[in-house]
Amino acid sequence: MSDAHRSEVEPIGYVPVPEGYVSHSRLERVLRSGRFAVTAELNPPDSADPEDVFQAAQPLGEVADAINATDASGANCHMSSIGICALLTRAGYSPVYQISCRDRNRIAIQGDVLGAAALGVSNVLCLTGDGVGVGDQPGAKPVFDFDSLTLLRTIRTMRDQGKFLSGRKITRPPQLFLGAAENPCIPPYDWRPDRLAKKVEAGAEYIQTNYIYDIPLFEKFMARVRDAGLDKKVFIIAGVGPIASARAARWMRSNVPGIHIPDPVIERMEKVEKPAEEGKKICIELIQQIRDIAGVSGVHVMAYRREHVVSDIILESGALKGRKRARPS
Amino acid sequence: MYRLRLFAIRHARTFEWIYKYVERGMVAMDPLFAKIGYNRVERPIALVEKGVKTLLFDCKMCGQCVLSSTGMSCPMNCPKQLRNGPCGGVRPGEFCEVKPDMKCVWALAWDGASRMRHGGDKIKEVLPPVEHTLKGSSSWLRVSREIAAQERDAMDAARETLAQAFPEARENEPSAAPLAAEPPNAVNQELKK
Ligand code: SF4
């Protein structure tokens, strides 16, 4: 393990959280201090080799305040999110433990939450999960014992009241920063802000959105979020990602649930010779536009199988503007 | 039936109204149910409930009905059985991610809720996860029984100490026992003045 893995060590063990905080999460600290946060998604390997995780994490760790470990997203089987989190905390990173309600019931999930916290995880992201039908094993039994909101409320109860949902006492409650997802660019558009309000009510302290490619639609959503005062109650981190090619964009749009990419974006990709470069450029522009929208507290970069471009994108976009970067050679 | 389900959502306001009266009726029948025994009426009432609600809402008899908080759109028809709003995969035109031929149950729910008098507020409340042990039982009976019990408790709490000291007398000789805080009538209104 090289030293690069040891940049952002979080305490493992029980240390009381400072006043005004709910966890030891670096992400929470960045957000509460008013800085523009950057998170990034790690694509889970199809292997049992920890080195695969460290390799993927390295370029993300250079720029990200937290690294998301996905939980079989798209209902495809990969290394588990808790496994990745265990590796990442061991290497000094600050992971976001994603929990999908699709694969495990309330008994398994509550146990895993304690396990994750014990491993030094301080961020969780509560997700409903895509249907099993879109994944590589459509014959699997969908669980959905919780939905993302009941999951949020359950973990909040575990954290703040020190109790399982059954009422049994937890001797050392987990200290976790609670997150949820939102997808502002898909229907029912009118109700998305209400749904967000409900997630805040259930316990969400930060939100990571799905891919945003449609800025006008997102701005409309954010205007309603601000009208409802929600931007004061929850940190909103907008999701972005570089598209590899027009074909990939089309495929994603029709095969991955919940992805909205407007035609002009795809047309722009079609016109250029180096679509991958163009995809990066579009992503950088999106981050710059998103940064200017009031009420947005950060960006979440999801670069499918292209972790190496994430740090370029973030640095070029100026998302970390104002933060000092020192790199003695 | 899918068509009837859509109809029910379009007329969510009417159903809200009907539900209110059915509920009041069942609460009023509490003493009767209690006499026969709640566990004896459970089966027949669950059967009726199942028949009516399956036809109208494609009810799955989860045993903990939340229709009045979900715009009369039964959330058990959501393939992910979400209880608190649409997932992030709703397709263009508000169709379901998992069953593309079906309208998203939760898009319909919000639509139905906006037509109801109280639905718009109720849909904003976070509902608990489904309790699987209740599957198949009658939620009508559970609700009316609970409301009846609450009303009884509220009434008891309002009674005077004297009344609370002689609970049997109230059951055996309600009119002879001067026990309850009397409802307003000509005599005690006079006294107050
Ligand atoms: S699209 Fe709507 S009905 Fe379909 S799974 Fe998602 S929330 Fe349920």
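*Asks:* It is not clear to me how the domain arrangement of chain B should be interpreted in this structure. Could you clarify?
*Replies:* Accessible area lost upon the coming together of the parts is a frequently used measure of interface size. Residues and elements named next belong to chain B. According to the domain assignment, chain B consists of domain 1 (2-145) and domain 2 (148-192). At the junction of the two partners, domain 1 supplies five residues and domain 2 supplies four residues. There are two salt bridges connecting domain 1 and domain 2. One salt bridge in this structure joins R152 and D30, with 3.0 Å as the shortest N-O distance. At the boundary of domain 1 and domain 2, one finds five residue pairs in polar contact (both at pLDDT 80 or more). Contributing elements (two or more residues each) for the side of domain 1 that touches domain 2: helix 2 (12-28) and helix 7 (139-158). When the residues that make up the side of domain 1 that touches domain 2 are grouped by side-chain class, the tally is one nonpolar, one polar and three charged.

*Asks:* Where do I start with the site of the ligand in this structure?
*Replies:* The full set of residues close to the ligand is C78(B), P79(B), K80(B), L82(B), P86(B), C87(B), V90(B), C96(B), E97(B), C104(B), V105(B) and W106(B). Looking at the shell around the ligand, its residues break down into ten nonpolar, no polar and two charged.

*Asks:* Help me understand a nonpolar patch on the surface, please; the structure alone is not making it clear to me.
*Replies:* Residues and elements named next belong to chain B. Side chains of W17, I18, Y21 and V22 sit close together on the surface and give an oily, nonpolar patch of about 400 Å² of accessible area. Within the secondary structure, V22 is located in helix 2. Overall, V22 belongs to the partly exposed group, its relative accessible area being 35%.

*Asks:* Help me out: how do you make sense of the sheet that holds strand 2 (residues 66-69) of chain A in this one?
*Replies:* As a general point, the strands of a sheet are linked pairwise by backbone hydrogen bonds and lie either parallel or antiparallel. Residues and elements named next belong to chain A. If you trace the eight strands once around the closed barrel, you get 1-2-3-4-5-6-7-8, paired in parallel fashion. With direction set aside, neighbouring strand axes in the sheet form an average angle of 30°. Pairing analysis gives five bridges linking strand 3 (residues 95-100) to strand 4 (residues 123-127), with the strands arranged parallel. The residue bridging Q98 from the neighbouring strand is L125, located in strand 4.

*Asks:* Where do I start with the interface of chain A and chain B in this structure?
*Replies:* Contacts between the two partners involve 26 residues from chain A, matched on the other side by 30 residues from chain B. A combined buried area of about 2,200 Å² lies between chain A and chain B, and 61% of that area is made up of carbon and sulfur atoms. The three residues of chain A that bury the most area against chain B are W191(A), R195(A) and K198(A), which together make up 28% of that side's buried surface. Taken together, the connections running from chain A to chain B amount to zero salt bridges. Mapped by element, the contributors of at least two residues to the side of chain A that touches chain B are helix 5 (148-160) and helix 6 (192-202) of chain A. The leading source of residues in the side of chain A that touches chain B is helix 6 of chain A, at six residues. For the side of chain A that touches chain B, a count of residues per class yields ten nonpolar, six polar and ten charged.

*Asks:* Sorry, what's going on with the packing of helix 2 of chain B against helix 4 (residues 38-57) of chain B here?
*Replies:* Two packed helices can be described by the angle between their axes and the distance between those axes. Residues and elements named next belong to chain B. Interaxial distance between helix 2 and helix 4 falls to 15 Å at its minimum, and their mutual angle equals 180°. With respect to their mutual orientation, helix 2 and helix 4 come out roughly antiparallel. Contacts between helix 2 and helix 4 pair F15, Y19 and M26 from the former with I45, K53, L56 and F57 from the latter. Here the residues of the contact of helix 2 with helix 4 are counted per class, giving six nonpolar, no polar and one charged.

*Asks:* Honestly, a positive patch on the surface in this entry has me stumped. Any pointers?
*Replies:* Residue and element names in this part refer to chain B. A contiguous patch of positive charge, built from K50, K60, K99 and K135, is present on the exposed surface. Positionally, K60 belongs in the loop between helix 4 and helix 5 (105-115). Taking the relative accessible area as the measure of exposure, K60 reaches 41% and is therefore partly exposed.

*Asks:* Help me out: how do you make sense of the environment of E182(A) in this one?
*Replies:* All names here are of chain A. Mapping E182 onto the fold places it in strand 5 (residues 177-182). When the C-alpha positions of E182 and P44 are compared, they lie 22 Å apart, and in sequence the two are 138 residues distant. Excluding anything up to four places from it in sequence, E182 contacts R192, R195, L196, K199, I207, Q208, T209, N210 and F221. Reaching out from E182, the side chain makes a polar contact with the side chain of R192 at a distance of 3.2 Å.

*Asks:* So what exactly am I meant to see when it comes to the environment of R247(A) here?
*Replies:* Examined against the element boundaries, R247(A) turns out to sit in helix 8 (residues 246-255). Considering only alpha carbons, one finds R247(A) and T157(A), 90 residues apart in sequence, at a separation of 45 Å.

Thresholds, definitions, all that
- Residues numbered from 1 in each chain as written.
- Chains lettered and ligands numbered in written order.
- Predicted model: local features only at pLDDT ≥ 70, side-chain atom pairs only at ≥ 80, totals over all residues.
- Heavy atoms only, no water.
- Domains from an automatic or database assignment.
- Contact = heavy atoms within 4.5 Å.
- Salt bridge = Lys/Arg side-chain N within 4 Å of Asp/Glu carboxyl O.
- Polar contact = N/O pair within 3.5 Å; in protein donor to acceptor, adjacent residues only side chain to side chain.
- Helix = DSSP H or I, 4+ residues; strand = E, 2+ residues; numbered from the N terminus.
- Nonpolar A, V, L, I, M, F, W, Y, C, P; charged D, E, K, R; others polar.
- Near = heavy atom within 4 Å.
- Patch = residues over 30% accessible without salt bridge, like charges linked within 9 Å, V, L, I, M, F, W, Y side chains within 5 Å.
- Areas by Shrake-Rupley, 256 points an atom, 1.4 Å probe, with all protein chains shown as cover.
- Buried < 20%, exposed > 50% of the residue type's maximum accessible area, 1.4 Å probe, protein only.
- Pairing = 2+ DSSP bridges.
- Axes fitted to C-alpha atoms, helices over the stretch in contact; angles between N-to-C directions.
- Buried area = accessible area lost by both parts, 1.4 Å probe.
- Parallel < 35°, antiparallel > 145°, perpendicular 65-115°, else oblique.
- Lys, Arg positive; Asp, Glu negative; His and termini not counted.
- Charge placed at Lys NZ, Arg CZ, Asp CG, Glu CD.

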